[in-house]
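Descriptive analysis of the structure
Chain by chain, the residues:
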Amino acid sequence: MEAFIHGIILAFGLILPLGVQNVFVFSQGATQRRLVRALPASITAALCDTLLILLAVFGLSIIVLQFEWLRIALMTIGILFLLYMGYAIWQSNPTKTVNSEALPVKKQILFALSVSLLNPHAILDTIGVIGTSALKYSGTEQIIFTSACILISWLWFFGLTFAGASLKKIDSSGKLMNVFNKCSAVFIWATAIYLLSGLL
């Protein structure tokens, strides 16, 4: 039971902060005409998180934390990606996308893959925090801990999609979503600067 509660608290702590992955999943719920059409983004994001959690628990954390050059490479690629994503989100215009064609399934999946697997903050948090925390457990307890982390991830992304769809009903003009996008872009740029300061 301790391992399950620990996994839930830890996963919530890592997944709650606003980030590029969360912004994208939420925005799909807000821009797709029907909730079911936004599911490819949330399912892809959840699958990517599941993969990262499993890799972290089963030893990737030890490899990445041992090689400083690998950590620096991941951080550098990720910082550049976050700067670009912040720019793309800032330039997006929800007042136009509300009534225009939303992202098709293939683009949703590709975009969700990129924001999930090219985000150094998510990768390093998952590997550094969940991976090292999992070392405390073994056998059945480790499986329970890992399952709790994965469960929270899936529930969170489906919840974000639903929240985005709910916002669309309240904010049909897209003006509130535009404010949300601007704030998200600033947060993503701040994350990139914070990561850069860790390299200098």
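Digging into the packing of helix α2 (residues 20-31) against helix α6 (residues 105-117)
Packing of α2 against α6 leaves a shortest axis separation of 8 Å and a crossing angle of 160°. Classified by the interaxial angle, the pair formed by α2 and α6 is roughly antiparallel. Once α2 is placed against α6, the crossing between them reads as left-handed. From α2, V20, Q21, F24 and Q28 reach across to α6, where they touch Q108, F111, A112, V115 and S116. Of the residues belonging to the contact of α2 with α6, the class tally is five nonpolar, four polar and no charged.

Side note on the side chain of S27
By the element assignment, S27 lies in helix α2. At a separation of 2.7 Å, a polar atom in the side chain of S27 contacts the main-chain carbonyl oxygen of F24.

Focus: the packing of aromatic side chains
Summed over the entire model, instances satisfying the criterion amount to four aromatic pairs. Between W154 and F158, the ring centres sit 5.9 Å apart and the planes meet at 40°, which makes this aromatic pair tilted. With W154 and F158 both in helix α8 (residues 140-170) and four residues apart, the pair spans about one turn of that helix. W154 sits in the partly exposed class, given a relative accessible area of 25%.

Things to note about the nonpolar core
Core analysis: the largest hydrophobic core is formed by 21 residues, its most contacted members being I53, I130, F145, C149, F157 and L160. If you tally residues by element for this core, the top one is α8, at eight residues. Leave out the neighbours within four places in its chain, and L160 touches N22, V25 and F26. By size, the runner-up hydrophobic cluster in this structure holds 16 residues, among which are A41, F81, M85 and I89.

Focus: α6
Taking 1.5 Å as the rise per residue, α6 with 13 residues should run 18 Å; its terminal C-alpha atoms sit 18 Å apart, in good agreement. The complete set of buried residues in α6 reads Q108, A112, S114, V115 and S116.

With respect to the environment of K106
Within the fold, K106 resides in helix α6. Classification of K106 by relative accessible area gives exposed; the value is 66%. For the pair K106 and A41, spaced 65 residues apart in the sequence, the C-alpha separation amounts to 9.5 Å.

Comments concerning the side chain of Q32
Mapped onto the elements of the fold, Q32 is located in the loop between α2 and α3 (39-66). Using a relative accessible area of 4% as the deciding quantity, one classes Q32 as buried. Reaching out from Q32, the side chain makes a polar contact with the side chain of Q28 at a distance of 2.9 Å.

Comments concerning the environment of A192
Tracing the backbone through its elements, the reader meets A192 in helix α9 (residues 175-199). C-alpha of A192 to C-alpha of G78: the two residues are 114 residues apart in sequence and 8.0 Å apart in space. In contact with A192, other than residues within four places in its own chain, are I79, L82 and L83.

What to know about the packing of α2 against α8
Running from amino to carboxyl end, α2 crosses α8 at an angle of 45°, the nearest separation of the two axes being 6 Å. Put simply, α2 runs oblique to α8. Remark: the crossing between α2 and α8 carries right-handed chirality. Across the interface between the two elements, Q21, N22, V25, F26, G29 and A30 from α2 touch W156, F157, L160, T161, A163, G164, A165, L167 and K168 from α8. When its residues are assigned to classes, the contact of α2 with α8 shows nine nonpolar, five polar and one charged.

Thresholds applied
- Residues numbered from 1 in each chain as written.
- Predicted model: local features only at pLDDT ≥ 70, side-chain atom pairs only at ≥ 80, totals over all residues.
- Heavy atoms only, no water.
- Axes fitted to C-alpha atoms, helices over the stretch in contact; angles between N-to-C directions.
- Helix = DSSP H or I, 4+ residues; strand = E, 2+ residues; numbered from the N terminus.
- Parallel < 35°, antiparallel > 145°, perpendicular 65-115°, else oblique.
- Left-handed = near helix turned anticlockwise from the far one by under 90°.
- Contact = heavy atoms within 4.5 Å.
- Nonpolar A, V, L, I, M, F, W, Y, C, P; charged D, E, K, R; others polar.
- Polar contact = N/O pair within 3.5 Å; in protein donor to acceptor, adjacent residues only side chain to side chain.
- Phe/Tyr/Trp six-rings, centres within 6.5 Å; stacked < 30°, edge-to-face > 60°.
- Buried < 20%, exposed > 50% of the residue type's maximum accessible area, 1.4 Å probe, protein only.
- Core = buried A, V, L, I, M, F, W, Y, C linked by side-chain atoms within 4.5 Å.
- Expected span 1.5 Å × (residues − 1).

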